[in-house]
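Structural features, examined
Residues per chain are reported as follows:
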Amino acid sequence: MCIFFRTFAPRLSIINGIMNIYFWIVRLAALFGHHKAKLLVRGQKYALKEAKEWAGQMGNNTRVIWIHVASVGEFEQVRPIIERLRQEQPYRKILLTFFSPSGYEARKDYPMVDKVLYLPFATVRNAKKWIKTLPLEMAIFVKYEFWPAYLKQLKKHNIPTYLISAIFRPNQLFFQPWGRGYRRLLSCFSHIFVQDLDSQQLLSKYHILPVTIAGDTRFDRVLEIKNQAQILPILEGFSTGAQRILIAGSTWPQDEQYIARYLTEHEDTKLVLVPHELHPSHLHQIFQLFEGRYIRYTEATPLNIDKCRILLVDTIGLLSSIYRYGHVAYIGGGFGVSIHNTLEAAVYGIPVIFGPKWQKFREAKGLLQAQAALSVRNYKEFASALDTAFTNQQMMGERATQYVQSESGATTIIYNALFH
């Protein structure tokens, strides 16, 4: 439901009523014990109060740069800009807000900003209070964040407002025959930074300006992550001497079924399995699927990892460093809602394979066009793709590296436009 509110912009009076209804639905879910709903309600309840207290501690001439993201994915897109701003202009005040509880909980202690808060529900009343409370210098929204109440208040108070890493497609409501009212919302932005030429041309067709093609800051981010990657002794021991290591990242049950079958047919292949979910029921499914023939990362030692063929990573936060130890990467999720992060693997110069649901991701399309990745629809294609990738690892890996390097630089374009 929240995706609908972020993506589309009906008349303000209508969406204000809908948001109030949605707020009560979330509160009801919280009363019945829904964990994320409870976190969201608690965070929403105190967001305005915390913002007021924080603003009260500032000097009269202090101004705040407000950055809003939906969740962790969008945060990673704006993170290179935040960190460059903090490094070059440490005196600037930065407020980071999240809509998603998972995003807030993951980054509530992020040290590169001055304050992290939930975004209060996007009603007209909340938006007016928010703008009145905070001495805003500018506001930055990321990718798909379109909150009418906030955007209209920002424009009303002449606060420069920017949208970065945006992608627009003809099938969005903005561009339908009945979408004129939706398109007006885009005029609330002082400047829109898009990822590609198609988005710029689409906005130009409807006279939405100014627009700059800046690219996607995630390419800059993964290059930073690569340079800061951890050395993992367990993975060092696991990979020593191996010729065919598959890193399977953010996997779901159907991904794991294909992987298990492939391993029974290819005894020369070693596997590092990093499931997307680590809850007990999923780990039990993995245990049954692989018949317990693996070592958990949390139980691995230099003595027992040497002859291990399957390593199950049962902890979080290591995947972006683990890819460096593989020869081929499989990215999970493509047989469900959509694929997970392909760039974290591609940046290490290894072939990337993923399922059929990749179309919403420009970088997946780019990797396919660069012949650095393969998409699969069934087990036959899965097995064939892995064989192809292992055989052509060097060539496909070089193309992956070239593609990531060619798409870098968005951070500098946006940063210079906003802060110089």
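Just above, that's the structure.
Here the structure is a predicted model, which is why all the values come from computation and not from measurement.

A separate point is the overall build of the protein. When its secondary structure is counted, the protein shows 19 helices and 14 strands. Among the 420 residues that make up the protein, the fraction classed as buried is 55%. Of all intrachain contacts in the protein linking residues separated by at least 6 positions in sequence, the fraction that spans at least 24 positions is 66%.

On to the pairing of strand β8 (residues 245–251). For β8, the tally of buried residues reaches 7 of 7 residues, placing the bulk of the element in the interior. Examined bridge by bridge, β8 and strand β9 (residues 270–275) share 6 bridges and lie parallel to one another. Across the sheet, the residue bridging to G249 is V274, located in β9. On the question of chirality, the crossover connecting β8 to the parallel β9 by way of helix α12 (residues 253–265) is right-handed. Examined bridge by bridge, β8 and strand β12 (residues 328–331) share 4 bridges and lie parallel to one another. Directly across from I247, in β12, lies its bridge partner A329.

Relative to the helices and strands, L343 is located in helix α15 (residues 343–346). Residue classification places L343 among the buried residues on the basis of a relative accessible area of 1%. Separated by 124 residues in the primary sequence, L343 and F219 have C-alpha atoms spaced 7.2 Å apart. If we skip the residues at most four places from it in the chain, L343 touches R218, F219, V222, E363 and V404.

The subject of this paragraph is helix α13 (residues 280–289). Taken together, the buried positions of α13 are H282, L283 and I286. End-on, the buried residues of α13 take up no more than an arc of 100 degrees, which puts them together on one face. Facing away from the buried side of α13, by more than 90 degrees, are the exposed residues P280 and Q288. On its buried face, α13 sits against β8, α12, β9, β10 (295–296) and β11 (310–312). Looking one or two places after α13, you find E291, whose phi comes out positive at around 55 degrees.

The rules behind these values
Residues numbered from 1 in each chain as written. Predicted model: local features only at pLDDT ≥ 70, side-chain atom pairs only at ≥ 80, totals over all residues. Heavy atoms only, no water. Helix = DSSP H or I, 4+ residues; strand = E, 2+ residues; numbered from the N terminus. Buried < 20%, exposed > 50% of the residue type's maximum accessible area, 1.4 Å probe, protein only. Contact = heavy atoms within 4.5 Å. Pairing = 2+ DSSP bridges. Right-handed = clockwise from strand over helix to strand, strands pointing away. Arc of directions from axis to C-beta.

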